[in-house]
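Chain residues, written in single-letter form:
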Amino acid sequence: MPKRSSKREVKSLAKSILDQVTQEAEAQPGKNPAAVALGRMGGLVGGKARAAALSPKKRSAIARKAAKARWSEAPK
């Protein structure tokens, strides 16, 4: 009769697969890690800066348009 695998074996196998996949994703050729970090830093600031620069009336118009698009019947 074949031996059943334990939960620990399954979990360790899943973790090793996940570790391999994430290492491959992090090591994408052609991307400069410093440039990626700089772009992310600007992206995190961008939305807040844009919202601060807009008038309340303009922000409301943008939000209204987004809600209308989100709840419309048309497929995305």
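Everything discussed here concerns the structure shown above.
Bear in mind the structure is a predicted one, so any value in this text is a computation, not a measurement.

**Thoughts on the overall build of the protein**
- Summing up its helical and strand segments, the protein has three helices and zero strands in all.
- If you list the helices and strands of the protein from N to C, you get α-α-α.
- The buried share among the 76 residues of the protein stands at 0%.
- For the protein, the exposed surface amounts to about 7,600 Å²; the carbon and sulfur share of it is 62%.

**As for a nonpolar patch on the surface**
- Together, L13, I17 and V21 line one region of the surface with nonpolar side chains, adding up to about 270 Å² of accessible area.
- With respect to the secondary-structure elements, I17 resides in helix α1 (residues 7–26).

**A word on the pattern of salt bridges**
- In this structure the tally under the stated criterion is one salt bridge.
- Salt-bridge contacts for D19 lead to K15; the nearest nitrogen and oxygen are separated by 2.9 Å. Here D19 pairs with K15, and both are found in helix α1, just four residues apart, close to one helical turn.
- Here D19 falls in the partly exposed class, since its relative accessible area comes to 31%.

The rules behind the values
- Residues numbered from 1 in each chain as written.
- Predicted model: local features only at pLDDT ≥ 70, side-chain atom pairs only at ≥ 80, totals over all residues.
- Heavy atoms only, no water.
- Helix = DSSP H or I, 4+ residues; strand = E, 2+ residues; numbered from the N terminus.
- Buried < 20%, exposed > 50% of the residue type's maximum accessible area, 1.4 Å probe, protein only.
- Areas by Shrake-Rupley, 256 points an atom, 1.4 Å probe, with all protein chains shown as cover.
- Patch = residues over 30% accessible without salt bridge, like charges linked within 9 Å, V, L, I, M, F, W, Y side chains within 5 Å.
- Salt bridge = Lys/Arg side-chain N within 4 Å of Asp/Glu carboxyl O.

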